[in-house]
Amino acid sequence: TVLSPILGGLVGLALARPFRRVLRRMLSIGFQGSQAMQTQREAFDDAITDSVVADVQHLEHALERLQSNIATFECFLPETVVHGILEGDVKAQRLHVEKREVSIMFSDVKDFTNISESLKPKDTLLLLTRYLDIMSRIAQSFEGVVAEILGDGLLVYWNTPDVVMDHGVKAA
């Protein structure tokens, strides 16, 4: 029973090292020079002597930030491209051109200028936001990738970057 605290401490130290290495790597992901990142690094340096439980908590927070950052990244790139980058797919990490047939759709609100002139700015913004949201969801439900939002217009691709079977039918 005298050895139990010593054995527990040794096990704790053995577990803490890998957690700290992972935590250090997690904290290194981010914008260099960022005030938030500097604060995180300082907190990590202060916490280096904390218990394994504190290390796990720091790791959990770092993973939550990473998950949030990935979700933000997916707002600007197709989800499959983001996941390809994270998984180390060389094609996803660089610009590449591949010859293939694609379907493209451009959609906009008919007579939007006249409509917007007859509405209050707040109502115009509501109309535009709802239209773009609904159209984006519809396109994505048919495996389309929203490439750009141009004013009241939406540019959507099918069969790129991912292969989409029957892309012409899904685009229609």
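Structure's up top.
Criteria and cut-off values
- Residues numbered from 1 in each chain as written.
- Predicted model: local features only at pLDDT ≥ 70, side-chain atom pairs only at ≥ 80, totals over all residues.
- Heavy atoms only, no water.
- Salt bridge = Lys/Arg side-chain N within 4 Å of Asp/Glu carboxyl O.
- Helix = DSSP H or I, 4+ residues; strand = E, 2+ residues; numbered from the N terminus.
- Buried < 20%, exposed > 50% of the residue type's maximum accessible area, 1.4 Å probe, protein only.
- Core = buried A, V, L, I, M, F, W, Y, C linked by side-chain atoms within 4.5 Å.
- Contact = heavy atoms within 4.5 Å.
- Patch = residues over 30% accessible without salt bridge, like charges linked within 9 Å, V, L, I, M, F, W, Y side chains within 5 Å.
- Areas by Shrake-Rupley, 256 points an atom, 1.4 Å probe, with all protein chains shown as cover.
- Expected span 1.5 Å × (residues − 1).
- Arc of directions from axis to C-beta.
- Pairing = 2+ DSSP bridges.
- Axes fitted to C-alpha atoms, helices over the stretch in contact; angles between N-to-C directions.

(A) Spotlight on the pattern of salt bridges. A full pass over the atoms with the stated rule returns three salt bridges. A salt bridge links Glu98 to Arg100; the nearest nitrogen and oxygen atoms lie 2.7 Å apart. Here Glu143 makes a salt bridge to Lys170, at a shortest N to O gap of 2.3 Å. Remark: Lys170 occurs in helix α8 (residues 167-171) and Glu143 occurs in the loop between α7 (121-141) and β2 (145-150); sequence separation between them is 27 residues. The exposure class assigned to Glu143 is partly exposed, which follows from its relative accessible area of 41%. Lys170 gets classed as partly exposed once you look at its relative accessible area, which sits at 25%.

(B) Geometry of unusual backbone geometry. Looking along the chain, the bond that leaves Thr160 and enters Pro161 is cis, with omega of 0°. With respect to the helices and strands, the residue Pro161 is situated in the loop between β3 (153-158) and α8. One non-glycine residue, Glu143, lies in the positive phi region at around 65°.

(C) Local environment of the nonpolar core. Within the largest apolar cluster, twelve residues are counted, these being Val109, Phe112, Leu128, Tyr131, Leu132, Met135, Ala139, Leu154, Val156, Trp158, Val164 and Ala171. Broken down by secondary-structure element, the contributors of at least two residues to this core are α7 and β3. For Trp158, the residues in contact, after removing those within four places along its chain, are Val102, Ser103, Met105, Ala139, Phe142, Glu143, Gly144, Val164, His167, Lys170 and Ala171.

(D) Fine view of a nonpolar patch on the surface. Taken together, Phe73, Phe76 and Leu77 make up a surface patch of nonpolar side chains, about 310 Å² in accessible area. When you line up the elements, Phe73 lands in helix α3 (residues 52-73).

(E) Focus on α7. Here α7 spans 30 Å end to end across 21 residues, near enough to the 30 Å set by a 1.5 Å rise per residue. All of the buried residues in α7 are Thr124, Leu128, Tyr131, Leu132, Met135, Ser136 and Ala139. Angular distribution of buried residues about the axis of α7 spans 125°; they occupy a single face of the element. Across α7 from its buried face, at more than 90 degrees, point the exposed residues Lys122, Leu126, Arg130, Arg137 and Ser141.

(F) Structural view of the pairing of β2. The sheet contact formed by β2 and β3 spans five bridges and is antiparallel. Counterpart to Glu148 in the pairing with β3 is Leu155. Counted between consecutive antiparallel strands, the loop separating β2 from β3 contains two residues, among which Gly151 sits at a positive phi close to 60°.

(G) How the structure looks around the environment of Leu128. For Leu128, the location among the structural elements is in helix α7. Among the residues examined, Leu128 registers a relative accessible area of 18% and is labelled buried. Separated by 23 residues in the primary sequence, Leu128 and Gly151 place their C-alpha atoms 8.7 Å from one another. Those residues in contact with Leu128 that lie beyond four places of it in its chain are Phe112, Gly151 and Asp152.

(H) Seen up close, the environment of Gly151. Of note, Gly151 is situated in the loop between β2 and β3. Excluding its chain neighbours within four sequence positions, the residues that come into contact with Gly151 are Leu128 and Leu132.

(I) Broad picture of the sheet that holds β2. Taken together, three strands build an open sheet; the order of strands is β1-β3-β2 and the sheet is antiparallel. In this open sheet, the two strands that pair with only one neighbour each are β1 (103-108) and β2. In this sheet, adjacent strand axes meet at a mean angle of 20° when their direction is disregarded. As judged from the six bridges shared by β1 and β3, these two strands associate in the antiparallel manner.

In short, shape yes, function no, at least from these values alone.
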